[in-house]
Protein chains: 2
Amino acid sequence: MADTRTVTVTIRRRPSISDPQGATVARALRDLGHEVTDVRIDKTIELQVPDGDVETIRARVAEMCDRLLANPVMEDYEILVSS
Amino acid sequence: MADTRTVTVTIRRRPSISDPQGATVARALRDLGHEVTDVRIDKTIELQVPDGDVETIRARVAEMCDRLLANPVMEDYEILVSS
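Because the structure is a prediction, the values reported are computed rather than measured.

Trainee: How should I be thinking about the overall build of chain A in this particular structure?
Mentor: Each helix and strand counted, chain A has 2 helices and 3 strands in total. In chain A, the succession of helices and strands from N to C terminus is β-α-β-α-β. Contacts in chain A between residues at least 24 apart in sequence constitute 69% of all its contacts with a sequence separation of at least 6. Carbon and sulfur atoms form 51% of the exposed surface of chain A, whose accessible area is close to 4,700 Å². Counting 11 positive and 15 negative side-chain charges, chain A places the centres of these two groups 4 Å from one another.

Trainee: Help me understand the nonpolar core, please; the structure alone is not making it clear to me.
Mentor: Taken as a class, soluble globular proteins show a tendency for nonpolar side chains to be buried jointly. Ranked by internal contacts, the top residues of the largest apolar core, which has 21 residues, are Val 7, Val 9, Leu 47, Val 61 and Leu 69 of chain A together with Val 39 of chain B. The dominant element in this core, judged by the number of residues it contributes, is helix α2 (residues 54-69) of chain A, at 6 residues. Core analysis: the next-biggest nonpolar cluster, separate from the first, contains 20 residues, Leu 29 and Val 39 of chain A together with Ile 79 and Val 81 of chain B among them.

Trainee: How should the interface of chain A and chain B be read in this particular structure?
Mentor: By convention, interface size is frequently given as the accessible area that disappears when the constituent parts associate. Taken together, the contacts link 29 residues of chain A with 29 residues of chain B. A buried area of about 2,700 Å², summed over both sides, lies between chain A and chain B, and 62% of it is on carbon and sulfur atoms. Our count for the chain A to chain B interface comes out at 2 salt bridges. A salt bridge links Glu 46 of chain B to Arg 12 of chain A, with the nearest nitrogen and oxygen atoms 3.1 Å apart. Inspection of the region where chain A meets chain B yields 11 residue pairs in polar contact (both at pLDDT 80 or more). Contributions of two or more residues to the side of chain A that touches chain B are made by β1 (4-13), α1 (20-31), β2 (38-50) and α2 of chain A. For the side of chain A that touches chain B, the leading source of residues is β2 of chain A, giving 13 residues. Of the residues assigned to the side of chain A that touches chain B, the class counts are 14 nonpolar, 5 polar and 10 charged.

Trainee: Please explain the relation of the copies chain A and chain B as it appears in this structure.
Mentor: The operation relating the pair of chain copies consists of a rotation about an axis and a translation along that axis. When chain A is fitted onto chain B, the two copies agree to an RMSD of 0.0 Å after a turn of 180° and an axial shift of 0.0 Å. Here the two chains are linked by the operation of a two-fold rotation axis. Closest approach to the rotation axis within chain A is made by the C-alpha atom of Lys 43 of chain A, at a distance of 2.5 Å. Mapped onto chain B, 100% of the interface residues of chain A again fall at the interface, so both copies present the same surface.

Trainee: Explain empty space enclosed by the protein to me, please; I cannot follow it from the model alone.
Mentor: To locate leftover empty space, one rolls a probe as large as a water molecule over the atoms. Under the definition given, this model contains 1 cavity of 30 Å³ or more. Approximately 40 Å³ is the volume found for the largest cavity. Taken together, His 34 and Glu 35 of chain A together with Val 49, Pro 50, Arg 60, Val 61 and Met 64 of chain B make up the lining of the largest cavity. Those elements that place two or more of their residues in the lining of the largest cavity are β2 (38-50) and α2 (54-69) of chain B. A per-element tally of the lining of the largest cavity places α2 of chain B first, with 3 residues. Among the residues making up the lining of the largest cavity, the classes are represented as 4 nonpolar, 1 polar and 2 charged.

Rules and cut-offs
Residues numbered from 1 in each chain as written. Chains lettered and ligands numbered in written order. Predicted model: local features only at pLDDT ≥ 70, side-chain atom pairs only at ≥ 80, totals over all residues. Heavy atoms only, no water. Helix = DSSP H or I, 4+ residues; strand = E, 2+ residues; numbered from the N terminus. Contact = heavy atoms within 4.5 Å. Areas by Shrake-Rupley, 256 points an atom, 1.4 Å probe, with all protein chains shown as cover. Lys, Arg positive; Asp, Glu negative; His and termini not counted. Charge placed at Lys NZ, Arg CZ, Asp CG, Glu CD. Core = buried A, V, L, I, M, F, W, Y, C linked by side-chain atoms within 4.5 Å. Buried < 20%, exposed > 50% of the residue type's maximum accessible area, 1.4 Å probe, protein only. Buried area = accessible area lost by both parts, 1.4 Å probe. Salt bridge = Lys/Arg side-chain N within 4 Å of Asp/Glu carboxyl O. Polar contact = N/O pair within 3.5 Å; in protein donor to acceptor, adjacent residues only side chain to side chain. Nonpolar A, V, L, I, M, F, W, Y, C, P; charged D, E, K, R; others polar. Least-squares fit on C-alpha atoms with pLDDT ≥ 70 in both. 1 Å grid on protein atoms, 1.4 Å probe; cavity = no way out; pocket = protein on both sides within 12 Å on 5 of 7 lines; lining within 4 Å. Points joined across faces, edges and corners; volume = space filled by probe spheres on them.

Remember, this is a structural readout, not a statement about activity or role.
Here it is, written out as structure tokens:
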């Protein structure tokens, strides 16, 4: 739709926070014979929001991250507003 | 490290497959007063693999996706080898 815009939010654990799911996947890949030195599993959230000024959209999505989408203690987020 | 390379794999449910977690998040965002028309939650996997030829790395990671990381019935994947 022309009146919505796609915003992609990538939510990553801070590097100091361990990622047990990633460690399990790394072990499984090695068991299958693949060489991997590290695996991290992050979350990507694709939002469709009403179109408008890019900076307004970015600020609105940052508020969604702060209030609901990300855990401020353990996670960092990155917001990409599609052009 | 200079001898490893970062590969980012984004795993998305096919558009025809419903995303109940995304629907729940959309509802919660609306309850907080945000306008969103759709939310999809995807998985991003960041792998550190031994460096080498980009096409070889891509083929190797595609095999990891086919055998372990993605569900071929429900999900599509996209592989990005960092330059």
